[in-house]
Structure formats: structure tokens, C-alpha cells
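Examination of the molecular architecture
What follows is the residue order along each chain.
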Amino acid sequence: MFGFTAADYSAMFLSLKVAVTATLLSLPFGFAVAYLMTYRRFRGKILLDVAVNLPLTLPPVVIGFLLLILLGREGPIGKMVLQPLGIKLIFTWKAAVIATAVVGFPLMVRSIRTAMEGIDERLVQVSRLLGARRLDRIITVIVPLSVRGIIAGSVLMFARGLGEFGATVIVAGNIPGVTQTIPLAIYEYASSPKGDVMALSLCAVSISISIVVLVFHEWLGRRIVRSD
Amino acid sequence: MELRVAIQKRFGNFFLDTDFIINGERVGVFGPSGSGKSTLVGLIAGLTKPDKGTIILDGEPLFDSSTGVNVRTESRRMGMVFQRPSLFPHLSVKGNLLYGYKRCATENRKIAFDDVVQVLNIGRLLDRGVKHLSGGEKQRVAIGRAVLGNPRLLLLDEPLSALDDSLKFHIVPFLKNVCEAFSIPYLFISHSLLEMRIMTDRILHLANGRIVEETTAEDLVRKRMGESMAGYMNLLQLSEPRQVDALYAYTWGEGQLLTASGDERPEGLFELSSTDIMLFKSHPEAISARNLLRCVVVDTFEAGNRIGINLDCGGGRLVAEVVRQAADELGITAGVEVYAAIKATAFRKLG
């Protein structure tokens, strides 16, 4: 169908793999940051807020470049942490995951935070009065009551991850079969002569995945509403 | 229960400064809105931290700014019922009820699940979600949840205020019964003197963040009788209703009372204003009032320009009131026999 090459299929698979991994990897951190921002008072809260939301307003290319400097062979993290551990990130699919995670992170945090802020403070107080300690409260009250936000945030981040281009192309490159995701493949087809049809076919795939994700999101949302 | 509270807390312009020791199982905290009642219970529960002072419950310090003791809310074992039921929306009725029970140390679990379910009459609701319960059912589940946490002290923060009158007096017996049945001491917070009279033995009267007096609801009501046009409200627990023509006859003391309102329930709480009781020196020949009771004056008390009269009507007690001149004319002093006439329509059924 559509005459996709092995590299095209690999781009589709890689797109899904990168977006899923980035979302799952970010979930605990996203939840933790949203929790801190909603329930804890501490110094530097505004700074954390700005730092988390910065990728929302920065051009992805800037993020990609900063990541390249940080994680590259001569970068502080690259040199001090990654090299001694024998980890090579740059120009691998793992770098694409990191780029996607950073870019999508604020979307996830915002979603979860909005849900947490909507939880009746009284319910948290009641659980304390009934003897629930912090972790207990998080597991038995805060997670179940913000689950819609957690799902919405994850879906949003996953969808954003599928479209990630700017940061990925800088830290992971555009290597067919290795780091080339759907957007990168479309870019390559579009900039080559007679590549229009293939670019369009991949666009169709991209649209299909997006529709499936949105329908899934709606369905899950309704299921949750019905169950409570 | 002995509770000692000597704390200070500032919230913007509001300053709470209390210092009291109170003993008793049924203690009220009474005051107008904004007097600091909810702030006070929040501090006792540990939901907010006092600026300084001590909170000691039955000899155990819960908070002491001088030694740095501040027992966490989750370890204080305080049950709390708020104005709104605040049930966990993601849990069933049973899940809500058991939330505190499961987290209570085994050696402290003295109150059993089945007993509470029975006293509160919520057995048929257990497997249901909480969203579609009625207001009264929700509040009963909230009470059950707090009680099943096996608290040392129950903090009832205006638990009846959000309910309309009929629902309020539907909940009251459940609340009283559950606390009595499991001997849980409580602090009952309200701005309603009527609720205070039903629910408490002693009250702390709070105004502008300070305790003005420790008294009883009864004394407070009598003191306020002189200022109120409505008079003193007699609360009568009447039982064994029988239909007599279009009226209800309830047993009261050694006699009976005829009321226009009533129902088939075996017990009913009625309100009767002291201003609706008319006194006669001797037996009147014929009157329209359906109740004519022979009473003995127990004693009298002054309330503004009126005299409150404690009457013993064959075992039942009533407070009537007359203006000073009428008291003089009737020669009302302790031991005098009078007749009290009360219309059947003067009784207001509360629950």
C-alpha cells in the first residue's frame, strides 16, 4: 500500500516508539512536578514553574541545540556522566526520546496540575484526618481524582511527541532506519524531487495516528465519567 | 475527655486567642459566624498550626510551641464531620466508610463496621456510589466514616448547617445515637442555639476569637429570652402518638399533649414558645386552647422586662413567660399552682 519502503515503515515504528517511551518516561516526573506545584510551598517555586514551561515558548530548535551542548561529547553532562558510564546518546533514538520528553513535558505538567488544582482540598484534609500519610494520600486520593488530567496530559504529550521535529533533528539527526521519525521522513521527501506523493502518504499516516489517539482519548474520558 | 487549649493564631486581621480547659463528653463551641469556631477546630485537628501555645488532649500534648511538639493530623486520631459531607467520589459507600477504619491500628479498633452501619441505617447503601445519594444519606455516611476511624475525639464542624430543617432533625438522632452507642466524646460547633441545646451539655461561647464564657446552652437561652420576641423555645420530646379526631395526642410526663402537627413515628421533637403558653390562677371554665395543664411553679428567673417561669406539669417541664405586672397579679412564686393553656397549633414539629 502507498509503496512504503522499509525505511518508511521504520520511521512509523520509530515515531511511535519515541513518543511512547518519552511519555512513559516523563509521567512520574510530570506527576511529581505537578504535585510540588499544587501542594507544596517552597522557595524557587516560580523558577521551577518558569523552567518547566519554558519549552512551551522556546523554539524547539533552541531546545535541541541546548540539549546537544549539554549531552554532547564535550558537554557537562556528556563528559561527566554519560561518557564514564559508556552511554552514547547523541544521534541515537534515545536522544530523540529526550528531545521529545523535554518539548512535551510542560503540556503534561499543565494537564495534571489543572486536574490536581480541581481536587476539593477538603477531601485531602479528610484523608489526613482518617490517618492517611502523604504517600497514602497521593495513591488513594490524589491519583484517582486527577486521573483524567494524567491521561489527558499523557495523550497530549504523546501526540506532541509524534510531531516533534526541531529538537529531534538537532540531537538525533535524520538517519533513515535509526533516528528518522515520520516528520523527518516527510521533510526529506518534501525536499527531494518527485517526493510529493510519498510525503503526502506519510502525512496521511500521521493524520490517521492522530485521529486514533484523539478518539482513544475521548473514549477513555467517557469511560471514566461513566464509572464515577 | 479533657481538652486544654491555650493558643494564639493570627490570620490577617483576625486574631484567635483562647485559653480554656473543658471536661465532658458533649461539648459545644458556640458563636456567630466569623467568631473563630472553625479556625479553633482546625487548630485542634492540626489542619492549621497555631502561632504559639499548647493543645493537650487527655494529658497528651498534641501541640506545644515551647517544646516543638506538633503531632501530625494523621496521627491525632480526630474524627471530623464538616458542613458538607465531602465523601470520596471515587469510592463506594463502603469504601468511604472503611477508609479510616483500615488505617486505624488494630488495637484501637473498638468500633465495629456492622454496628455503625446498623446504627446509621445505611446497610442498603453499602455497594452504591456516593454521587446519587440524598443529602441526608451522604451526611450519615460522612458521620459513619468519621466514627469508624475510631477517633479519640469527634469534631463536628456545623454538621447540620447545610441541611434543611426536616433533614436536620432526621440526622440529629443518628448523630446522637452513634456518639452515645460508641461513647465518643465530641466537640459540636454551631451558631445555632437550638442545635446546641439538643447536642451538648456544656458550651464554650466564642466571640471575636475569644472565649467569653463557659456555660450551658440552656442558661444562654434563658439569658437571651428577654431580648427575643420569639421567647424561650421549649423543646419537647413526645412519644406514643394517637390520632384523636383531627389532632394528635402525645404522651408527655404523666399526661398528654394535643398537637395539630404530628405523624405516625413513635417519637417526635416539638418546639413550643414560652410566649404561646397562657397562665391562669384557677381552672378556667371554657377555653379554645386544647391543652389545659395543671402545673406547679418550680422557680422563676428574670429576663429583661419579663419573668421566666419554670413549670412542673405532672412530670413534664415547661418554661412560660409573663410580664412583671402579670406575675405580680397572679402571685407567681415557687410552689404556687397555676393552669397553663396551650393551643394545639402552638407546637411546631421539628423532627
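Residues numbered from 1 in each chain as written. Chains lettered and ligands numbered in written order. Predicted model: local features only at pLDDT ≥ 70, side-chain atom pairs only at ≥ 80, totals over all residues.

A few points about the overall build of chain A
The line we're drawing: Put simply, DSSP marks the helices as runs of H or I at least four residues long and the strands as runs of E at least two long, and each gets a number from the N terminus on. It is the C-beta atoms, placed from the backbone, that decide contacts: two residues are in contact if theirs lie within 7 Å.
Across its full length, chain A carries eleven helices and zero strands. The linear arrangement of helices and strands in chain A, starting from the amino end, is α-α-α-α-α-α-α-α-α-α-α. By its C-alpha atoms, chain A is 70 × 45 × 30 Å across when sized along the principal axes. If you take every contact in chain A between residues at least 6 apart in sequence, the share linking residues at least 24 apart comes to 77%.

As for the overall build of chain B
Keep this limit in mind: With C-beta atoms placed from the backbone, the exposure class of a residue follows from how many other C-beta atoms lie within 10 Å of its own: 20 or more, buried; 12 or fewer, exposed; in between, partly exposed.
The helix and strand inventory of chain B stands at nine helices and 21 strands. Counting only C-alpha atoms and orienting by the principal axes, one finds that chain B spans roughly 70 × 45 × 35 Å. With 351 residues in all, chain B has 41% of them scored as buried. In chain B, 69% of the contacts between residues at least 6 apart in sequence involve partners at least 24 apart.

As for the packing of helix H4 (residues 113-120) of chain B against helix H6 (residues 165-181) of chain B
All names here are of chain B. The condition is simple: Only the stretch in contact is used when fitting a helix axis, every axis being a line fitted to C-alpha atoms; angles between N-to-C directions are given from 0 to 180 degrees. In this scheme, roughly parallel covers angles under 35 degrees and roughly antiparallel covers those over 145, while 65 to 115 is roughly perpendicular and the rest are oblique. Definitions for this section: a left-handed crossing has its near helix turned counterclockwise from the far helix by less than a right angle. A right-handed crossing has that turn clockwise. Note on residue categories: nonpolar means Ala, Val, Leu, Ile, Met, Phe, Trp, Tyr, Cys or Pro, charged means Asp, Glu, Lys or Arg, and polar means any other residue, Gly included.
Following both chains from N to C, one finds H4 and H6 inclined at 150 degrees, their axes separated by 9 Å at the closest point. It follows that H4 is roughly antiparallel to H6 by the angle criterion. Crossing geometry of H4 relative to H6 is assigned as right-handed. Of the residues in H6, those touching H4 at Val 116, Val 119 and Leu 120 are Phe 174, Asn 177, Val 178 and Ala 181. Split by residue class, the contact of H4 with H6 holds six nonpolar, one polar and no charged.

A closer look at the sheet that holds strand S6 (residues 69-70) of chain B
Residues and elements named next belong to chain B. Basically, it comes down to this: Two strands qualify as a pair provided DSSP detects at least 2 bridges between them.
Strand order in this open sheet of five strands is S2-S1-S4-S5-S6, and the pairing throughout is antiparallel. Looking at strand neighbours, the two that pair on one side only are strand S2 (14-23) and S6, the edges of this open sheet. As judged from the two bridges shared by strand S5 (residues 60-64) and S6, these two strands associate in the antiparallel manner. In the sheet register, Phe 63 faces S6, and the bridge partner there is Asn 70.

Looking at the interface of chain A and chain B
Tallying the contact residues gives 15 residues for chain A and 19 residues for chain B. Those elements that place two or more of their residues in the side of chain A that touches chain B are helix H6 (121-129) and helix H7 (134-145) of chain A. Looking at the side of chain A that touches chain B, the element that brings in the most residues is H6(A), giving six residues. Grouping the amino acids of the side of chain A that touches chain B by side-chain chemistry returns eight nonpolar, two polar and five charged.

Description of the domain arrangement of chain B
Residues and elements named next belong to chain B. Here is the rule: An automatic or database domain assignment supplies the residue ranges for each domain.
For chain B, the assigned domains are domain 1 (2-225) and domain 2 (233-349). The C-alpha centroid of domain 2 is placed 35 Å from the C-alpha centroid of domain 1. Contacts between the two partners involve six residues from domain 1 and, on the opposite side, nine residues from domain 2. With three residues, the single largest contributor to the side of domain 1 that touches domain 2 is helix H7 (residues 193-199). For the side of domain 1 that touches domain 2, the residue count by class is four nonpolar, no polar and two charged.

Brief notes about the environment of A:Tyr39
Within the secondary structure layout, A:Tyr39 lies in helix H1 (residues 6-39). For the pair A:Tyr39 and A:Ser127, spaced 88 residues apart in the sequence, the C-alpha separation amounts to 15 Å.

Thoughts on unusual backbone geometry
All names here are of chain B. Positioned with a positive phi, Arg 77 is a non-glycine residue whose angle comes to about 55 degrees. Along the chain, Arg 77 falls in the loop between helix H2 (73-76) and strand S7 (78-81). Since 21 C-beta atoms lie within 10 Å of it, Arg 77 is described here as buried. Even without being glycine, Asn 121 reaches a positive phi, approximately 55 degrees. As for its placement among the helices and strands, Asn 121 is situated in the loop between H4 and helix H5 (135-148). Of the residues examined, Asn 121 has 12 C-beta atoms within 10 Å and is grouped as exposed.

Re the confidence of the model for chain B
Condition: What pLDDT reports is the predictor's confidence in each residue, on a scale of 0 through 100.
Averaged over chain B, the pLDDT score is 93; the fraction of residues at 70 or greater is 100%. The ipTM assigned to the predicted complex is 0.87, against a pTM of 0.87.

Here we look at the environment of A:Gly153
All names here are of chain A. In this fold, Gly 153 is placed in helix H8 (residues 147-162). Classification of Gly 153 by C-beta neighbours within 10 Å gives buried; the count is 29. Beyond its immediate stretch of four places on either side in the chain, Gly 153 contacts Gly 30, Leu 107, Met 108, Ser 111 and Ile 112.

Quick notes on the packing of helix H3 (residues 93-103) of chain B against H5(B)
Residues and elements named next belong to chain B. Where H3 contacts H5, the axes come no closer than 6 Å and their chain directions differ by 25 degrees. Accordingly, the angle class assigned to the pair H3 and H5 is roughly parallel. Note on packing geometry: the crossing formed by H3 with H5 is right-handed. Seen from H3, the contacting residues are Val 93, Asn 96, Leu 97, Leu 98, Tyr 99, Gly 100 and Tyr 101; seen from H5, they are Val 141, Gly 144, Arg 145 and Leu 148. Here the residues of the contact of H3 with H5 are counted per class, giving seven nonpolar, three polar and one charged.

A short note on the sheet that holds strand S17 (residues 291-303) of chain B
As a general point, the strands of a sheet are linked pairwise by backbone hydrogen bonds and lie either parallel or antiparallel. Residue and element names in this part refer to chain B. Across the sheet, which stays open at both edges, the five strands sit in the order S16-S20-S17-S18-S19 with antiparallel pairing between neighbours. The sheet terminates laterally at strand S16 (277-280) and strand S19 (316-323), the two strands that pair on one side only. If you compare each strand with its neighbour and ignore which way they point, the axes differ by 45 degrees on average. Across six bridges, the pairing between S17 and strand S20 (residues 337-342) is antiparallel. Its bridge partner being in S20, Leu 292 is matched across the sheet by Ala 341.

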